[in-house]
Amino acid sequence: MVTMLAVNAQTDTAGVVSVYADTTTIKPQEKQSWFKRAYKFLDGVFSPPRDTNYVDTQDRYNWCAEVQLSSRFEQFQLDAGEDFNLRVTPKWRTRIGPFFGWRFAFLGYNIDLKSVFMNDDDTDLSASVYSAAFGLDLFYRRVGGNYNIHNFTMKGKDYSTLLHGEPFDGIKVGMTRVSFYYVTNYKHFSHQAAYSQANRQLRSAGSLILGASYAHNRMSINWSKFASLLNDINDTDYDTNKLYGKQKNDEFSLTGGYGYNWVFARNWLLGAELSGSIGYLLQHTATATKNDSDDESESNILKTITDFGKKNIAFNGTLRTVLLYNNGPWFFGTQGYIFYYQYGNGLVMTRNMLGSLYFYVGFNF
């Protein structure tokens with residue numbers, strides 16, 4: 001605390017001069033706590049200034065609650081060219097659960113309507129952090145034991161009719177993925193308005209979306225179990241022990257895409273986002289490269305490039321769509337999500353397509 005002393009002189013009408021002291025107390029500015037400084041910094045990072053003609057940031061709300069119903073489908077394929085091609089699909093899964101959020105992050109749990117508790121053979125966890133300019137998606141997935149065979153060919157012979165619809169629990173698929181993305185036109189285009197309902201899009205706008213991701217992929221298939229199933233149905237004696245049954249790799253990818261939010265009526269939003277990525281694979285399972293020395297029509301340079309692409313290059317693609325009504329305190333809508341990814345080990349190409357459909361209703365407060 002600082003006290004200021006001032007000497008003032010005043011002359012009255014009689015010509016008498018009076019001298020008096022004026023003391024003023026000045027309070028020093030209070031120092032903000034580290035928590036307030038950290039919150040102010042994070043708020044500036046997560047909520048940079050935006051054009052209020054395009055985006056309503058809904059700063060009057062800090063919390064959000066919603067109930068979500070979701071259905072998931074998948075198609076998984078192993079392709080080894082003329083050697084074999086196997087495609088399987090699991091059963092549809094429908095889940096319902098509550099979600100609770102604070103500004104930028106959502107937490108919740110979806111209950112499988114067929115199996116309330118998680119298990120090692122079928123675990124699917126995800127989390128997302130959305131801000132105005134960037135986002136972070138975390139994805140952990142372990143699937144196996146609930147596949148049905150869709151089609152199968154081997155050595156030019158098609159066994160799809162014999163095996164179609166047969167259950168097969170010999171495939172285990174795992175993926176752990178971390179994705180970061182940056183919204184270039186965040187002042188006009190709100191990613192949060194479409195996919196987390198924390199903002200409202202007031203006028204139509206679009207934006208380029210750039211990012212990077214890391215993933216750990218692994219796949220294993222029990223060919224002995226598959227051969228037993230095939231032999232039991234076809235009454236034959238096939239040996240599939242020589243077929244390669246494991247893949248394990250780390251993937252480093254760069255992503256680019258475009259998103260657009262169309263405000264076609266008051267409080268209504270129709271949005272779509274399409275992105276693709278290309279990545280480098282670091283293999284962790286030893287594989288022998290297929291011997292193509294007999295094929296003299298293919299140059300050594302082209303063969304090297306082809307082998308590198310089959311073993312070390314991964315492709316991913318994502319499509320998101322949303323139809324949403326949001327008047328501020330209340331919102332409801334539906335979202336569609338399709339994720340395709342493929343990678344190989346030089347001999348077998350793995351292709352997987354995941355799809356999800358969401359219905360939700362909630363409120364901000």
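To be clear, the structure that these remarks concern was listed above.
Every value quoted in this text rests on a predicted model; they were computed, and no experiment measured them. Along each chain, residues carry numbers from 1 onward, in the same order as the chain's sequence is written. Local features in this predicted model are restricted to residues whose pLDDT is 70 or higher, and side-chain atom pairs enter the listing and the counts only when it is 80 or higher, whereas totals over whole chains, interfaces and linings include all residues. The basis for every side-chain value is the complete set of heavy atoms in the structure, and neither hydrogens nor water enter the calculation.

Asks: Sorry, what's going on with empty space enclosed by the protein here?
Replies: Sizing a probe to match a water molecule and rolling it over the atoms shows the empty space that remains. Here a cavity means grid points, on a 1 Å grid over the protein atoms only, where a 1.4 Å probe fits yet cannot get out; a pocket means an open set of points with protein on both sides within 12 Å along at least five of seven lines; lining residues are those with an atom within 4 Å of a point. Grid points are joined across faces, edges and corners, and a volume is the space filled by probe spheres set on the points. All told, the structure shown has 2 cavities of 30 Å³ or more when counted by the stated rule. A volume near 70 Å³ is recorded for the second largest cavity. In this structure, the second largest cavity is lined by Ala 193, Asn 199, Arg 200, Gln 201, Asn 267, Trp 268, Leu 269, Leu 324, Tyr 325 and Asn 326. Segments assigned H or I by DSSP are reported as helices when at least four residues long, segments assigned E as strands when at least two residues long, and all are numbered from the N terminus. Elements that contribute at least two residues to the lining of the second largest cavity include exactly β15 (200-201), β18 (268-283) and β19 (313-326). Residues are grouped as follows: Ala, Val, Leu, Ile, Met, Phe, Trp, Tyr, Cys and Pro are nonpolar; Asp, Glu, Lys and Arg are charged; every other residue, Gly included, is polar. In terms of residue class, the lining of the second largest cavity is built from 5 nonpolar, 4 polar and 1 charged.

Asks: Is there a simple way to explain the pairing of strand β4 (residues 63-79) in this structure?
Replies: Looking along a regular strand, one sees the side chains alternate between the two faces of the sheet. Each residue's exposure class comes from its accessible area (1.4 Å probe, protein chains only) as a fraction of the maximum for that residue type: buried when under 20%, exposed when over 50%, partly exposed otherwise. Counting buried positions along β4 gives 12 out of 17 residues, so the element sits mostly inside the fold. Any two strands with at least two DSSP bridges between them are considered paired. Of the pairings in the sheet, the one linking β4 to strand β6 (residues 93-102) comprises 10 bridges and is antiparallel in character. Residue pairing across strands places Gln 68 opposite Gly 97, the latter belonging to β6. Direction of pairing for β4 relative to strand β21 (residues 349-364): antiparallel, over a ladder of 16 bridges. From the neighbouring strand, Phe 76 faces β21, where its bridge partner is Asn 352. Of the strand pairs in this sheet, β4 and strand β5 (residues 84-90) are connected by 4 bridges, and their pairing is antiparallel. Counted as the bridge partner of Gln 77 is Arg 87 from β5. Linking two consecutive strands that pair antiparallel, namely β4 and β5, is a turn of 4 residues; a positive phi of about 65° is found at Gly 81 within it.

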